[in-house]
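In case you want the letters, here they are:
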Amino acid sequence: MKLPFRYQFILAPFIIVVLLACLVAYTLLELSYINKANEITRQWAIISDRAQTAISSARQLNTIIRELSSEDIQQDEQFFSYLEQTRILSDSLHIPYLLEQVSPELRQLITDSGQLLREPEHVRPEAISLSLERLLPALEYQAKIFTAQRRTTFIDNHHKLVAISSRLTTVLLTALIICISLATGLALWGLTITRRRLKRLTQRAHDVCTGDSVPLPAPVDTRDELDDLELCLANMTTRLLQVVSVENVLLGVEGERRRIAMDMHDGVLADLTAINRRLDKLNTSIAKQGGIKNDEINAMRADVDNVIDNLRCTIDDLHPQVLETLGLESALHSYIERHRGRDGMTASFQNVHFEFDQRIDSSLSTRDKINLFRIIAEAINNVIKHAQGDRLEISLRIVQDKIIACIEDNGIGMPKEIRGDGHGCANISERARLIGAKIQWRTSRFSQGTCFELSLRLKQ
């Protein structure tokens, strides 16, 4: 399955981001284990320190109790020291995680001594001293256990930290190597596929530019921008081949028109001219012999003259020599004048306005001049056949960087079926497409009629 170009582009970053997210999650998990081990070590350190503080406070309190007099304890100077050490002992022993770690017997001794020390107004030195003497050995023994547990927890935590650090370093380095390798591999893979597709498109475009192109197969389905480009290139090649085929056909037609015109000029027209001269000689010979000029010969000579005139018009229509020698303006003038003088001509050419920009002849190639002449001639011919008007305006001018050709009449308008399916209109469309011109038929600016407009951008 072909992966779209945009997915190829984001595949490597997406996979790298996913791997990095997994790596961050794993790192956070390992850090949580480290924090948990550190918290346990910290708790054992606090328990051990509080136990040592409680032992020291209990010893000082025991000494203070022995020095207190039983008659008036609250007036004794040591009473305030007694209260301070009582608070320190109570604060040191009554922390939740210390009481949870001691034995039930020691927890009971702590509770009993706490009850004796909780009421400073009813101090009983003998009872407190006896309670402290039972509490101190058990508390010292438990403190040794706490210290050993603290040392063991610290060592275990150190080993865990070393193991986690080693494991985390290994995972990080492995993940980094995998990310770099995967990113490089995916980038090279995407670059290879993209270069292969671009190379194929470049080769096809080169074939189109060099003229060696053949119809390109269009992609079955377009998945990305490169498929769209390939589809556009296939369509462009097909249309270009059609244009080239049309151009070749039109060039062949022009060549055949030239050949036929030359054959008619050198053959039929020359023969008719020779016949006309022989008729003149025959008529002159009869007159010299004293005879009367034959009317039949004069009629034949007039018919031959008409045939010669019509043949000259046909030759000019096939291949206008004026276009090659004098330019487009003279060729259009000649075309209009020829059709104006023909018998049976409609009234369209009796009122003609012709406007031509002199810069057009120098702005067009010979091929474009021929095609533009054929287009305008066909448009004029449509007016002759269908307009039935008495006014025709023809203008060719340069507006900004475009040549605008406009043929406008005040006739009855051209039927839509002729405009769309007529052979002449088809020729106009093909020739306009060949030279890159745009054409349109619209309503004339007169009260009625048709306006044909052609727009051709000048080549820089």
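Conventions we followed
Residues numbered from 1 in each chain as written. Predicted model: local features only at pLDDT ≥ 70, side-chain atom pairs only at ≥ 80, totals over all residues. Heavy atoms only, no water. Phe/Tyr/Trp six-rings, centres within 6.5 Å; stacked < 30°, edge-to-face > 60°. Helix = DSSP H or I, 4+ residues; strand = E, 2+ residues; numbered from the N terminus. Salt bridge = Lys/Arg side-chain N within 4 Å of Asp/Glu carboxyl O. Buried < 20%, exposed > 50% of the residue type's maximum accessible area, 1.4 Å probe, protein only. Core = buried A, V, L, I, M, F, W, Y, C linked by side-chain atoms within 4.5 Å. Contact = heavy atoms within 4.5 Å. Pairing = 2+ DSSP bridges. Axes fitted to C-alpha atoms, helices over the stretch in contact; angles between N-to-C directions. Patch = residues over 30% accessible without salt bridge, like charges linked within 9 Å, V, L, I, M, F, W, Y side chains within 5 Å. Areas by Shrake-Rupley, 256 points an atom, 1.4 Å probe, with all protein chains shown as cover. pLDDT = per-residue confidence, 0-100. Expected span 1.5 Å × (residues − 1). Arc of directions from axis to C-beta.

All told, the structure shown has four aromatic pairs when counted by the stated rule. When the ring of Trp441 is compared with that of Phe452, the centres are 5.2 Å apart and the planes differ by 50°; the resulting orientation is tilted. You can see Trp441 sitting in strand β4 (residues 438-443) and its partner Phe452 sitting in strand β5 (residues 450-457), a full eleven residues away along the chain.

Glancing now at the pattern of salt bridges. Taken as a whole and judged by the stated rule, the model has 14 salt bridges. Arg87 is the partner of Asp91 in a salt bridge, and the nearest nitrogen-oxygen pair spans 3.6 Å. Separated by four residues within a single helix, Asp91 and Arg87 lie in helix α2 (residues 79-93), roughly one turn from each other. Asp91 sits in the partly exposed class, given a relative accessible area of 41%. In this structure, Arg367 engages Asp368 in a salt bridge whose closest nitrogen and oxygen atoms are separated by 3.3 Å. Within the structure, one salt-bridge network assembled from shared partners comprises Arg391, Glu393, Glu408 and Arg445.

A general trend in soluble globular proteins is that nonpolar side chains are found buried together. Leu328 and Leu396 are the most contacted members of the largest nonpolar core, which has 36 residues in total. Listing elements by their share of this core, those giving two or more residues are α9 (328-340), β1 (352-356), α11 (366-387), β2 (392-399), β3 (402-409), α13 (423-435) and β5. If sequence neighbours within four positions are ignored, Leu396 has contacts with Leu328, Leu332, Phe354, Glu355, Phe356, Asp357, Ile360, Leu372, Ile376, Ile404 and Ala405. Counting residues in each nonpolar core, the second largest holds 27 residues, with Leu61, Leu109, Leu117 and Leu136 among its members.

Next up on the list: the sheet that holds β3. Reading across from one edge, β1-β2-β3-β5-β4 is the order of the five strands in this open sheet, with mixed pairing throughout. Because the sheet does not close on itself, it has two edges, and the strands there are β1 and β4. The mean angle between the axes of side-by-side strands here comes to 15°, regardless of whether they run parallel or antiparallel. The pairing of β2 with β3 spans eight bridges and is antiparallel. Within β3, the residue paired with Ile398 across the bridge is Ile403. Strands in contact with α11 are β2, β3 and β5; relative to β3, the strand with the most contacts, it is inclined by about 15°.

The next thing to look at is the pairing of β5. Taking burial as the measure, the eight residues of β5 include seven buried ones, the bulk of the element. The pairing of β3 with β5 spans seven bridges and is classified as antiparallel. Paired with Cys406 across the two strands is Glu453, which belongs to β5. Bridge analysis of β4 against β5 gives six bridges, and the strand direction is antiparallel. Its bridge partner lying in β5, Arg442 is registered against Cys451.

Before going further, it helps to spend a moment on unusual backbone geometry. Its identity is not glycine, yet Gln400 carries a phi of approximately 55°, on the positive side. As for its placement among the helices and strands, Gln400 is situated in the loop between β2 and β3.

A few words on the environment of Ile155. Relative to the assigned elements, Ile155 resides in helix α5 (residues 125-210). Linking Ile155 and Thr41, residues 114 residues apart in sequence, is a C-alpha distance of 9.4 Å.

Where nonpolar side chains cluster on the molecular surface, the patch consists of Tyr7, Phe9 and Ile10 and spans about 350 Å² of accessible area. Locating Ile10 in the fold gives a position in helix α1 (residues 5-67).

Bringing the confidence of the model for the protein into the picture now. Per-residue pLDDT for the protein averages 77, and the proportion of residues at 70 or more is 76%. Across the protein, β5 holds the top mean pLDDT of 91, while helix α12 (residues 416-421) sits lowest at 56.

Each α-helix turn comprises 3.6 residues. Residues three or four places apart therefore point the same way. Over its 15 residues, α2 runs 21 Å from end to end, which matches the ideal 21 Å to within 8%, given 1.5 Å per residue. Buried within α2 we find Phe79, Tyr82, Gln85, Thr86, Leu89, Ser92 and Leu93. For α2, the angular spread of the buried residues around the axis is 145°, confining them to a single face.

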